Amino acid sequence: MSRERLIVALDVPDRASAFALAERLDGHVGMLKIGLELFVAEGPAIVRELRSRHPQLEIFLDLKLHDIPNTMRGAIRSAAGLGARLITVHAGSGVEHLRACVEQAEASSGGTLGVLAVTVLTSQDQLACEQAGHTRSPAELVGIRARAAAEAGCAGLVCSGQELEGITPLTSGLLRVVPGIRPAGAELGDQKRVMTPARAIAAGATHLVVGRPIRQAQDPAAAADAIVAEITAAS
Ligand code: C5P
């Protein structure tokens, strides 16, 4: 179902705002993404509470872990009991780190928690990659990291829609989760490597992550429905 392919970023400061938005979106989207803003403010309880209030909505815990394997394992172990379906780790740390996370998720959740590898943030363009010391383009880095994600046994990866065509053969069977989604005419904000919902789906995205274009809409449920219709039309 197209609705299950739409993930909404709950980038809000507190539980009251999170519950209000979840209430409006239940029945319209498939998954809620809890990122650093909400998790740092409210802690793990917010994951359990959203799961119990909205059992139909899956939770994606977007913590973008980036540390030594032992510390990442510990974080995954702590997250495994919360009821989230997906958790993110940075792929730039390399295959060994990713594999440690995958093994720990499997051991601690019995396979219910999937690890997604974040390849290159959609807010980073060529210049940002150069400034960070990379000599490769964002697309080349995404290719290298997508291969690492597949090799480590990740459930999937996160990249922009612009790199999807290049990595689809490498990632068949994996989730390809795409943020930086902007319906035609929407404001870009800090996002650089953007795509419309229809183009990202046509290019091979399995799931879309949308934050501000839904959260800041006058009617978030209607904005979500319009994106779901676009997903259906492009599928
Ligand atoms: O508001 P907007 O649609 O730009 O939100 C995108 C969401 O996806 C944010 O929560 C951001 O943290 C997340 N994200 C991203 N780029 C990545 C991984 C996650 O924008 N590579």
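These numbers were taken from a predicted model, which means no experiment stands behind them.

Visitor: Before we go on, may I ask you to explain the overall build of the chain in this structure?
Guide: Regarding its fold elements, the chain presents 11 helices and eight strands. Against the compact-globule benchmark of 18 Å for 235 residues, the chain has a radius of gyration of 17 Å, which places it among compact chains. Sequence-distant contacts in the chain: of pairs separated by 6 or more residues, those separated by 24 or more amount to 70%. For the chain, the exposed surface amounts to about 10200 Å²; the carbon and sulfur share of it is 50%. Charge-centre separation for the chain: the mean point of 23 positive side chains lies 2 Å from the mean point of 25 negative side chains.

Visitor: Whenever I open this one, helix α5 (residues 95–109) confuses me. Can you help?
Guide: One full turn of an α-helix is made of 3.6 residues, so residues set three or four places apart face in the same direction. Across its 15 residues, α5 extends 21 Å between first and last C-alpha, which sits within 8% of the 21 Å expected from 1.5 Å per residue. Considered for burial, the residues of α5 that qualify are His 97, Leu 98, Ala 100, Cys 101, Val 102, Gln 104, Ala 105 and Ser 109. Residues of α5 that are buried make contact with α4 (69–80), β4 (86–90), β5 (114–118) and α7 (138–152). Backbone geometry just downstream of α5 places Gly 110 in the positive-phi region, at approximately 65°.

Visitor: Hey, could you run me through the site of the ligand in this one?
Guide: Every one of the 18 residues lining the ligand counts as a neighbour, but Asp 11, Lys 33, Arg 182, Gly 211 and Arg 212 are closest to it. Contact distances for the ligand include 2.7 Å between an oxygen atom and a side-chain N or O atom of Asp 11. Contact between the ligand and Arg 182: an oxygen atom at 2.8 Å from a side-chain N or O atom of the residue. For the ligand, the accessible surface in isolation is 470 Å², of which the surrounding protein chains cover 88%. When each cavity is represented as a set of grid points, the ligand is found to reside in the largest pocket. Of all the elements in the fold, those that place two or more residues in the shell around the ligand are β3 (58–65), β8 (207–210) and α10 (212–215). When grouped by side-chain class, the residues that make up the shell around the ligand number nine nonpolar, three polar and six charged.

The rules behind each value
- Residues numbered from 1 in each chain as written.
- Predicted model: local features only at pLDDT ≥ 70, side-chain atom pairs only at ≥ 80, totals over all residues.
- Heavy atoms only, no water.
- Helix = DSSP H or I, 4+ residues; strand = E, 2+ residues; numbered from the N terminus.
- Rg over C-alpha atoms; globule rule 2.2 N^0.38 Å.
- Contact = heavy atoms within 4.5 Å.
- Areas by Shrake-Rupley, 256 points an atom, 1.4 Å probe, with all protein chains shown as cover.
- Lys, Arg positive; Asp, Glu negative; His and termini not counted.
- Charge placed at Lys NZ, Arg CZ, Asp CG, Glu CD.
- Expected span 1.5 Å × (residues − 1).
- Buried < 20%, exposed > 50% of the residue type's maximum accessible area, 1.4 Å probe, protein only.
- Near = heavy atom within 4 Å.
- Polar contact = N/O pair within 3.5 Å; in protein donor to acceptor, adjacent residues only side chain to side chain.
- 1 Å grid on protein atoms, 1.4 Å probe; cavity = no way out; pocket = protein on both sides within 12 Å on 5 of 7 lines; lining within 4 Å.
- Sits in = over half its atoms within 2 Å of the grid points.
- Nonpolar A, V, L, I, M, F, W, Y, C, P; charged D, E, K, R; others polar.

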